[in-house]
Amino acid sequence: MTIAELTARVQHAGKNRDHTQRMELLKKAHVLNSQGKIDPRFFSSSNLKVTENSNK
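Residues numbered from 1 in each chain as written. Predicted model: local features only at pLDDT ≥ 70, side-chain atom pairs only at ≥ 80, totals over all residues. Heavy atoms only, no water.

(A) Representation of the overall build of the chain within the structure. On a plain count of helices and strands, the chain comes out with 3 helices and 0 strands. Starting at the N terminus and ending at the C terminus, the chain contains elements arranged as α-α-α. Relative to the compact-globule value of 10 Å for 56 residues, the chain shows a C-alpha radius of gyration of 14 Å, a clear excess of over 25%. Along the first, second and third principal axes, the C-alpha atoms of the chain reach 40 × 20 × 20 Å. Within the chain, the fraction of its 56 residues that count as buried is 9%. (Helix = DSSP H or I, 4+ residues; strand = E, 2+ residues; numbered from the N terminus. Rg over C-alpha atoms; globule rule 2.2 N^0.38 Å. Buried < 20%, exposed > 50% of the residue type's maximum accessible area, 1.4 Å probe, protein only.)

(B) Examining the side chain of Asp39 more closely. Within the secondary structure, Asp39 is located in the loop between α2 (19-28) and α3 (45-54). Its relative accessible area of 5% is what places Asp39 among the buried residues. A distance of 2.9 Å separates polar atoms of two side chains, one belonging to Asp39 and the other to Arg41. (Polar contact = N/O pair within 3.5 Å; in protein donor to acceptor, adjacent residues only side chain to side chain.)

(C) Spatial organisation of α2. At the N-terminal end of α2, a side-chain oxygen is found 3.3 Å from the backbone nitrogen of Thr20, two or three residues along, and the residue is Asp18. Within two residues after α2, His30 carries a phi angle of roughly 60°, on the positive side.

(D) Here's a closer look at unusual backbone geometry. If you check the backbone angles, His30 has positive phi at about 60° while not being a glycine. With respect to the helices, strands and loops of the structure, His30 is situated in the loop between α2 and α3.

(E) View of the pattern of salt bridges. Evaluation of the coordinates by the stated rule reveals 1 salt bridge. Across the salt bridge formed by Arg41 and Asp39, the nearest N and O atoms sit 2.9 Å from each other. (Salt bridge = Lys/Arg side-chain N within 4 Å of Asp/Glu carboxyl O.)

Below is the structure:
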C-alpha cells in the first residue's frame, strides 16, 4: 500500500466517525486523558496552557 493509498484510507475512515468515536480514538492514542483533556504526560506545559486558554 502506498502512502497516498494509506492517506486516502485514513481520511475516508475519519469522515465516518462521530464525535464520540473521535474522542475514544484520541483517548486510546493518549492524546486525551480520561476527562477529555490533553494528557500532560505527552504534551509540554506550554501546549496545555494554550489549549486551556482556547477552550474558555
